[in-house]
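Coordinate inspection notes
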Amino acid sequence: MSGAAPIRVLGWREWLALPALGLPAIRAKIDTGARSSCLHVEAIETRNQAGREQVRFLLAPGEGRPPHWAEAPVLDRRIVTDSGGHRSERIFILTPLRLAGEEWPIEINLTHRRNMLFPMLLGRTAMAGRFLVDPARSFVLGDPGADQTHPALA
């Protein structure tokens, strides 16, 4: 038997962190039906900087935290089909994700999700080979508002 660590189990919703974007804790729907991950943004602007496209976007994290601007290089632009079957071009960025005491880079597309319950969807490509999802459970890793030692805040 190998010495590999067992694959962790997540619930269908969890707290995670996007530290490079100034989000130490954000509620996310763990969505195995979605290929890509997406993040709610209030506003988005693009510009060229030294021959490279940059995106600046307004994050409204809620939970009593004020909105703030973040910036990242544009990784790609792709057509994404949402759960309602609507297709649109979205901007993708690459940013570190912190979840369950681990951190790794993931691709995230930026979109307006104001009417959605969760400001972020964590899609299957971001967690493939790292986690299993139990759809009967929620917040398996706990609530960072109740426990400041939560892995999303570490």
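Structure's up top.
Just so it is clear, the model here is predicted, and its values are computed rather than measured.

1. Some details on the overall build of the protein
Helices and strands together make up the secondary structure of the protein, namely one helix and 12 strands. Each helix and strand of the protein, ordered N terminal to C terminal, gives the series β-β-β-β-β-β-β-β-β-β-β-α-β. With 154 residues in all, the protein has 39% of them scored as buried. Partitioning the contacts of the protein with sequence separation of at least 6, the portion at a separation of at least 24 is 55%. Counting only carbon and sulfur atoms, one obtains 51% of the accessible surface of the protein, whose full area is about 8,500 Å².

2. What to know about the packing of aromatic side chains
Within this structure, the stated rule accounts for three aromatic pairs. The interplanar angle of 80° and the centroid separation of 5.7 Å between the aromatic rings of W12 and F118 together place this pair among those described as edge-to-face. One end of the pair, W12, is in the loop between strand 1 (8-11) and strand 2 (13-18); the other, F118, is in the loop between strand 10 (102-111) and strand 11 (120-123), with 106 residues separating them in the sequence. Given the relative accessible area of 28%, W12 is considered partly exposed. The exposure class of F118 is buried, given its relative accessible area of 4%. Taking 5.8 Å as the distance between ring centres and 40° as the angle between the ring planes, the aromatic pair formed by W104 and F131 counts as tilted.

3. Some thoughts on the nonpolar core
Among the nonpolar cores identified, the biggest contains 31 residues, and L39, F57, L99, M120 and L122 are the most heavily contacted of them. Among the elements of the structure, strand 2, strand 3 (23-31), strand 6 (52-59), strand 7 (68-73), strand 9 (87-99), strand 10, strand 11 and helix 1 (124-127) are those that each provide at least two residues to this core. With residues up to four places along the chain from it excluded, the contact list for L99 reads L10, W15, L16, W104, L122, F131 and L141.

4. Re unusual backbone geometry
When glycine is set aside, most residues are seen to have a negative phi, and most peptide bonds are trans. Of note in the backbone geometry, A50 takes a positive phi value of approximately 55° without being a glycine. By secondary structure assignment, the location of A50 is in the loop between strand 5 (43-49) and strand 6. Overall, the relative accessible area of 83% leaves A50 in the exposed class. Backbone geometry places A100, a non-glycine residue, at a positive phi of 55°. With respect to the helices and strands, the residue A100 is situated in the loop between strand 9 and strand 10.

Quick notes on the rules
Residue indices begin from 1 for each chain and proceed along its sequence in written order. The predicted origin of the model limits local features to residues at a pLDDT of at least 70 and limits the giving and counting of side-chain atom pairs to 80 or more, whereas totals for whole chains, interfaces and linings rest on all residues. With hydrogens and water set aside, each side-chain value is computed from the structure's full complement of heavy atoms. What counts as a helix is a DSSP run of H or I of at least four residues, what counts as a strand is a run of E of at least two, and both are numbered from the N terminus. Relative accessibility under 20% of the residue-type maximum defines a buried residue, over 50% an exposed one, and the middle range a partly exposed one, all with a 1.4 Å probe and only protein chains included. Any two residues having at least one pair of non-hydrogen atoms within 4.5 Å are treated as being in contact. Throughout, the Shrake-Rupley method with a 1.4 Å probe supplies accessible areas, and for residues the shown protein chains are the sole cover considered. What counts as a ring pair is set by centres within 6.5 Å for rings of Phe, Tyr and Trp (its six-membered ring), and what kind of pair is set by the plane angle: stacked under 30 degrees, edge-to-face over 60, tilted for all other angles. In these notes, a set of buried Ala, Val, Leu, Ile, Met, Phe, Trp, Tyr and Cys residues joined through side-chain atoms within 4.5 Å is what counts as a nonpolar core.

Functional significance is not addressed by these values, which are geometric in nature.
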